[in-house]
Amino acid sequence: MELRHLRHFVALAEEGHFGRAAERVYVVQQAMSSSIRSLEEEVGVPLVRRTTRRVQLTPAGEAFLEVARATLSELGRGVERARQAARGEVGRLGIGFVSGLAFGGLPDIVRRYRELYPHVAVDLQELTAQEQEAALRAGSIDVGLMLLPVRDPGLQTEALWRQELVVALPSSHPLTRRRRLHIADLKDEPFVFFPRAVRATYFDQVMRWCAASGFTPRIVQEAIEVPTLLSLVAAGLGVFLPIRFFERVSLPGVSYRPLQDAPTVDIVAVWPREGHSPVVTAFLEVAREVLAAGPT
């Protein structure tokens, strides 16, 4: 049984005339008659009564009409669903992100994405860069947000936004009296920072910057999560160098100051080079739009 037979039958039932039904589905009347005969042969019973003036459905035809309409309606929904999936408008999007991005950039992107694509289920997972790469290879997330570098040749990257480093100081620290600092101003300060194993690129960038100013930071405490490091700053254990959007994190006991000639850190989107979903393409378009407009 072909779908065109169902379409022709529904048109005939609604028009009650072979000629008008044929015009409606853009076929000649002979093709319409042949289509209905083929359908009746396959069903095994007459579906229409042919008279000189109009066509009437048999009881079997009335019963079959209900099924034919439902089938075509369901097919139409399926076609539209497939087109929506191809446009990235339905489905699931798994997003991995490194600790701290929830405080800047990511909430604005996700909020806008959910507004534009309400039928896509968004699954956010806080993961280290190494965990994100493994999750992308395993297919448990679709796109990751992390800091460079990404060495897996099977993954593609795009720098979405760039952030300068700032210094987070205990609010009672004398350096908070100054509006802007130089990295050399921190040479005698204890630092709290990430372990190198967790943020090697970030760690090495800061170490090189400090070395260029004649000192090696004295790291007195390490932690993996940015909120934890900021809590250590608030407790007076040391200073920390987060990226600028962490200034959004208003934590009692922590003050932020810009740093002269501060280096920048690229935050990148990462996704499989082959076979990525249309929802990823849509997400990247939204991310570019949101970040170009600036924070809300």
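Since the structure is predicted, the reported quantities are computational estimates derived from the model, not experimental observations.

*Asks:* Quick question: what am I supposed to make of the pattern of salt bridges here?
*Replies:* Here the idea is simple: oppositely charged side chains can pair when their charged atoms come close. One pass over the full model with this rule turns up 19 salt bridges. Among the ionic pairs, arginine 178 bridges to aspartate 185, the shortest N-O distance being 3.0 Å. You can call arginine 178 partly exposed: its relative accessible area is 38%. Among the salt bridges present, the one from aspartate 188 reaches lysine 187, with a minimum N-O distance of 3.2 Å. Assessed through its relative accessible area of 58%, aspartate 188 is described here as exposed. Judged by its relative accessible area of 47%, lysine 187 falls in the partly exposed class. One connected set of salt bridges, linked through shared partners, spans Glu14, Glu15, Arg20, Arg24 and Arg69.

*Asks:* I'm lost on the sheet that holds strand β4 (residues 120–126) in this one. Help?
*Replies:* The strands making up a sheet associate through backbone hydrogen bonding, with each pair oriented either parallel or antiparallel. On the basis of which strands lie adjacent, the open sheet formed by five strands has the order β4-β3-β5-β11-β6 and mixed pairing. The open sheet is flanked by β4 and β6 (155–164), the only strands paired with a single partner. Adjacent strand axes in the sheet meet at a mean angle of 20°, parallel and antiparallel pairs treated alike. Summarising the sheet, strand β3 (residues 91–97) and β4 pair through seven bridges and their orientation is parallel. By the bridge assignment for β4, arginine 92 is matched with alanine 121. Across the sheet, helix α5 (residues 106–116) touches β3, β4, β5 (143–147) and β6, and the angle it forms with β4 is around 165°.

*Asks:* Just checking my understanding: could you explain the packing of aromatic side chains for this structure?
*Replies:* The relation between two aromatic rings is expressed through the spacing of the ring centres and the mutual angle of the planes. Under the defined criterion, the tally for this structure stands at ten aromatic pairs. When the centroid spacing of 5.4 Å and the interplanar angle of 55° are considered together, the rings of phenylalanine 194 and tyrosine 202 count as tilted. Accessibility expressed as a relative area gives 1% for phenylalanine 194, which makes it buried. Residue classification places tyrosine 202 among the buried residues on the basis of a relative accessible area of 3%. Taken together, the ring pairs in this structure connect Phe193, Phe194, Tyr202, Phe203 and Phe240 into an aromatic cluster. When the ring centre of phenylalanine 194 is taken as origin, the NZ or CZ atom of arginine 199, which lies over that ring, is 4.4 Å away.

*Asks:* Help me understand unusual backbone geometry in this model?
*Replies:* Most peptide bonds adopt trans geometry, and most residues besides glycine take a negative phi value. Despite not being glycine, tyrosine 26 has its phi angle at roughly 60°, a positive value. With respect to the helices and strands, the residue tyrosine 26 is situated in the loop between α2 (18–24) and α3 (29–43). Using a relative accessible area of 76% as the deciding quantity, one classes tyrosine 26 as exposed. One non-glycine residue, aspartate 261, adopts positive backbone phi at about 55°. Looking at the element boundaries, aspartate 261 is found in the loop between β10 (254–258) and β11 (264–272).

*Asks:* Can you help me understand the environment of valine 268 in this one?
*Replies:* Position of valine 268 among the secondary structure elements: in strand β11. In this structure valine 268 comes out as buried when scored by relative accessible area, which is 1%.

*Asks:* Mind showing me how you'd approach a nonpolar patch on the surface here?
*Replies:* Among the surface-exposed residues, Met1, Val43 and Val45 lie close enough to one another that they form a single nonpolar patch of about 220 Å² accessible area. Within the secondary structure, valine 43 is located in helix α3. Accessibility expressed as a relative area gives 31% for valine 43, which makes it partly exposed.

*Asks:* I tried to follow empty space enclosed by the protein on my own but got confused; where do I start?
*Replies:* Remark: the empty space left among the atoms is shown by a probe the size of a water molecule rolled over them. Under the counting rule described, the total for this entry stands at one cavity of 30 Å³ or more. Counted by class, the lining of the largest cavity contains eight nonpolar, one polar and one charged residues.

*Asks:* Whenever I open this one, the nonpolar core confuses me. Can you help?
*Replies:* In globular proteins that are soluble, nonpolar side chains generally tend to be buried together. Ranked by size, the top nonpolar core spans 75 residues in total, and within it Leu186, Phe240 and Leu241 carry the most contacts. For this core, the element with the highest residue contribution is helix α9 (residues 278–293), accounting for eight residues. For leucine 241, the residues in contact, after removing those within four places along its chain, are Leu165, Val166, Val167, Ile183, Leu186, Phe191, Phe193, Tyr202, Val206, Trp209 and Leu259. In this structure, Leu12, Ala21, Met32 and Ala68 belong to the second largest nonpolar core, which totals 19 residues.

What counts as what
- Residues numbered from 1 in each chain as written.
- Predicted model: local features only at pLDDT ≥ 70, side-chain atom pairs only at ≥ 80, totals over all residues.
- Heavy atoms only, no water.
- Salt bridge = Lys/Arg side-chain N within 4 Å of Asp/Glu carboxyl O.
- Buried < 20%, exposed > 50% of the residue type's maximum accessible area, 1.4 Å probe, protein only.
- Pairing = 2+ DSSP bridges.
- Helix = DSSP H or I, 4+ residues; strand = E, 2+ residues; numbered from the N terminus.
- Axes fitted to C-alpha atoms, helices over the stretch in contact; angles between N-to-C directions.
- Contact = heavy atoms within 4.5 Å.
- Phe/Tyr/Trp six-rings, centres within 6.5 Å; stacked < 30°, edge-to-face > 60°.
- Lys NZ or Arg CZ within 6 Å of the ring centre and 35° of its normal.
- Patch = residues over 30% accessible without salt bridge, like charges linked within 9 Å, V, L, I, M, F, W, Y side chains within 5 Å.
- Areas by Shrake-Rupley, 256 points an atom, 1.4 Å probe, with all protein chains shown as cover.
- 1 Å grid on protein atoms, 1.4 Å probe; cavity = no way out; pocket = protein on both sides within 12 Å on 5 of 7 lines; lining within 4 Å.
- Points joined across faces, edges and corners; volume = space filled by probe spheres on them.
- Nonpolar A, V, L, I, M, F, W, Y, C, P; charged D, E, K, R; others polar.
- Core = buried A, V, L, I, M, F, W, Y, C linked by side-chain atoms within 4.5 Å.

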